[in-house]
Amino acid sequence: MPRPAGNTRLKAARLAAGFRSQQALADALGVGVRQVRRWESANPPWPHPDQAQALTRELGQELEALGFISPHPQPPHRSRPAAGGSGPTSLGLGSVPTQAATVQPPTVAADFQAVTRSHRRLYWSVAPATLHPSALAHAALGCALLTETAGQTRRAVAIGLAETYLLAGRIEFFDLREPQRAARTLLLALQAAGEADAPLLGAAILAHSAFIPGWQGERQDAVERMVAARTYARRGPASAELLAWLDAVEAECETRCGNTRTALHLIGHAEDVLAAGSPYDSPEWLDWFSPVRLAAFKGNTQLKAGHLPQARATLQQVLDDLGPSDEKQTTVVLGDLAAVEAADGRPEQACGYALRALDQLEKTWYATGMDRVREVRRSLTPYQQQPCVSDLDDRLYGWSTTVSALSR
């Protein structure tokens, strides 16, 4: 006799939700693996109420669709047509299904995350106005997939969705200079991270949201968001790089609020954290931070604190250490070096760095880098009659630069 196939519906739903083994599903449900084996047998017993709720939550389908036969079947119900009408469109529906009719295979998670990774890499070279619509379209796809997946597959899609919204928020804040729009997008990123229960990703999103009030000088709001970010990071495990980056973010917020002494203390703590290291690896998405980036934070804070010799030395070393793929950060560092020279009363040297920053901005646009150049130009007002400043104006307000800035 042929061997009974068992409850193939439950097995298919388990695999579609990303649980490759019966043990994996048992762990997610908090039951023994023997219980899952019984459910996948040819005559599966009806689950207890708490187990039934967990099954439908993890697999995204009702028990009958999972191959279970209710011990208390409901009598057939015939809907009465509404007065004056007939056919399916006039029938009263009792409820709206919470799960889409289509259940995607577990491979959709890997496919969705592959595009997420590609967008993350493209951020460093593709024009932000070009990449941003693609990222938002990818996020819309992720929202749709959340209704068609369950279990581990759904969690993986939610992680990719949170990363995608984080990328879109970064573009809106740093590249397009739309902080209010970025705030709304980062909230969506945080909601997606919550769906995935990804605390480290939540910490990164909250820290990015702290930039928004921090850059506006609203210290209390920035501090509260950083407290939340550190709370999520403790649920980790967090790598040394992630913890140091949280220090760097808070340091930048403090610098923007005029508290450079506190900021330098935070940067010193970040340097100690990196030196001590951590047994935990950094998440793949943490591609915006490194010891060199920390030094760039430090150089800017030294500049704002008026420590010009130290800032010059720090930023020059950063410029030497930045790699060929760090074009955006290069424009910021060149702008800070220009600001150091302007503050030191050396307009020719300041204009030289500013012109180099404009050269880089023509290749890779970065609104934050352009902001640095404009700040330098404002500080050069006492020297605006000098030829070097006139040359900078010609370049800063040339056709290509002006059109480029307005079109981004």
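Throughout this document, residue positions are counted from 1 along each chain, in the order its sequence is written. Local features in this predicted model are restricted to residues whose pLDDT is 70 or higher, and side-chain atom pairs enter the listing and the counts only when it is 80 or higher, whereas totals over whole chains, interfaces and linings include all residues. The side-chain numbers reported here are obtained from all heavy atoms of the structure, hydrogens and water having been left aside.

Engineer: In this structure, what is going on with the packing of aromatic side chains? I would like to understand it.
Structural biologist: The aromatic pairing rule takes the rings of Phe, Tyr and Trp, using the six-membered ring of Trp, and pairs them if the centres are within 6.5 Å, calling planes under 30 degrees apart stacked, those over 60 edge-to-face and the rest tilted. Summed over the entire model, instances satisfying the criterion amount to 11 aromatic pairs. On the numbers, 5.0 Å between centres and 85° between planes, the contact of F173 with F174 is edge-to-face. One exposure class covers both F173 and F174, and it is buried. Put simply, the rings of F173, F174, F211 and W215 pair up and form one aromatic cluster. The positively charged end of R235 is found above the aromatic ring belonging to Y232, 4.5 Å away from the centroid. Note on classification: 1.4 Å probe, protein chains only; a residue is buried when its accessible area is under 20% of the maximum for its type, exposed when over 50%, partly exposed between these limits. Only when the NZ atom of a Lys or the CZ atom of an Arg is both within 6 Å of the ring centre and within 35 degrees of the ring normal do we say a charge sits over the ring.

Engineer: Hey, could you run me through the packing of helix α9 (residues 199–215) against helix α11 (residues 240–256) in this one?
Structural biologist: Angle between the axes and distance between the axes: these two values describe a pair of packed helices. The interhelical angle for the contact between α9 and α11, taken along N-to-C directions, is 10°, at an axis separation of 9 Å. By the angle between their axes, α9 is roughly parallel relative to α11. Judged by residue contacts, L200, A203, A204, A207, H208, A210, F211, G214 and W215 of α9 engage L242, W245, L246, V249, E252, C253 and R256 from α11. When residue character is reported, Ala, Val, Leu, Ile, Met, Phe, Trp, Tyr, Cys and Pro are called nonpolar, Asp, Glu, Lys and Arg charged, and the others, Gly included, polar. By residue class, the composition of the contact of α9 with α11 is 12 nonpolar, two polar and two charged. The convention used is that axes are lines fitted to C-alpha atoms, helices contributing only their stretch in contact, and that angles between N-to-C directions extend from 0 to 180 degrees. Numbering of helices and strands starts at the N terminus; helices are DSSP runs of H or I of at least 4 residues and strands are runs of E of at least 2. When describing relative orientation, an angle under 35 degrees is termed roughly parallel and one over 145 degrees roughly antiparallel, while 65 to 115 degrees is termed roughly perpendicular and anything else oblique. Contacts: residue pairs with any heavy atoms within 4.5 Å of one another.

Engineer: Just to check I follow, could you spell out the packing of helix α15 (residues 327–343) against helix α17 (residues 367–379) for this structure?
Structural biologist: Orientation of α15 relative to α17, taken along the N-to-C sense of each, is 10°, at an axis distance of 8 Å. Here α17 runs roughly parallel to α15, going by the angle between their axes. Where α15 crosses over α17, the two elements pack in a sense that is left-handed. Contact with α15, carried on its side by T331, V332, G335, D336, A338, A339 and A342, involves T368, G369, R372, V376 and S379 of α17 and no other residues of that element. When its residues are assigned to classes, the contact of α15 with α17 shows five nonpolar, five polar and two charged. Should the near helix be turned counterclockwise from the far one by less than a right angle, the crossing is left-handed, whereas a clockwise turn marks it as right-handed.

Engineer: Please explain helix α18 (residues 387–396) as it appears in this structure.
Structural biologist: Looking only at α18, the buried set comprises C388, V389, L392, D393 and L396. Looking straight down α18, one finds that the buried residues subtend no more than 145° of arc, so they occupy a single side. Of the exposed residues in α18, the ones pointing more than 90 degrees away from its buried face are P387 and D394. The arc in question is formed by the directions pointing from the helix axis toward the C-beta atoms.

Engineer: Help me understand the nonpolar core, please; the structure alone is not making it clear to me.
Structural biologist: A general tendency of soluble globular proteins is for nonpolar side chains to be buried together. Here the nonpolar core consists of buried residues drawn from Ala, Val, Leu, Ile, Met, Phe, Trp, Tyr and Cys, with membership extended through side-chain atoms lying within 4.5 Å. Counting 97 residues, the largest nonpolar core has W245, W288 and F289 as its most contacted members. Apart from residues no more than four positions distant in its own chain, W245 is found in contact with A204, A207, H208, F211, W288 and F289. Formed by 19 residues, the second largest nonpolar core is a distinct cluster that contains F19, L25, V36 and L63.

Engineer: In this structure, what is going on with the side chain of Q360? I would like to understand it.
Structural biologist: For Q360, the location among the structural elements is in helix α16 (residues 347–363). Its relative accessible area of 15% is what places Q360 among the buried residues.

Engineer: Is there a simple way to think about the pattern of salt bridges in this case?
Structural biologist: Where side chains of opposite charge bring their charged atoms close, a pairing between them can arise. We define a salt bridge as a contact between a side-chain nitrogen of Lys or Arg and a carboxyl oxygen of Asp or Glu at a distance within 4 Å. All chains considered together, the criterion is met by 23 salt bridges. The shortest N-O distance in the salt bridge between R256 and E252 comes to 3.8 Å. Here R256 and its partner E252 are both found in helix α11, four residues apart, which amounts to about one turn of the helix. Of the residues examined, R256 reaches a relative accessible area of 33% and is grouped as partly exposed. Between D359 and R395 there is a salt bridge whose closest N-O contact spans 2.3 Å.

Engineer: Help me out: how do you make sense of unusual backbone geometry in this one?
Structural biologist: Glycine aside, residues mostly have negative phi, and peptide bonds are mostly found in the trans state. Geometrically, the link from G236 to P237 is a cis peptide bond, its omega value of 15° lying close to zero. In this structure, P237 sits in the loop between α10 (219–234) and α11. Phi angles above zero are rare outside glycine, and R177 is one such case at about 55°. With respect to the element layout, R177 can be found in the loop between α7 (151–175) and α8 (179–196). Looking at R177, the relative accessible area reads 30%, which means it is partly exposed. Notably, D197 is not glycine yet its phi reads approximately 50°, a positive angle.

Shape descriptors only; they carry no functional weight alone.
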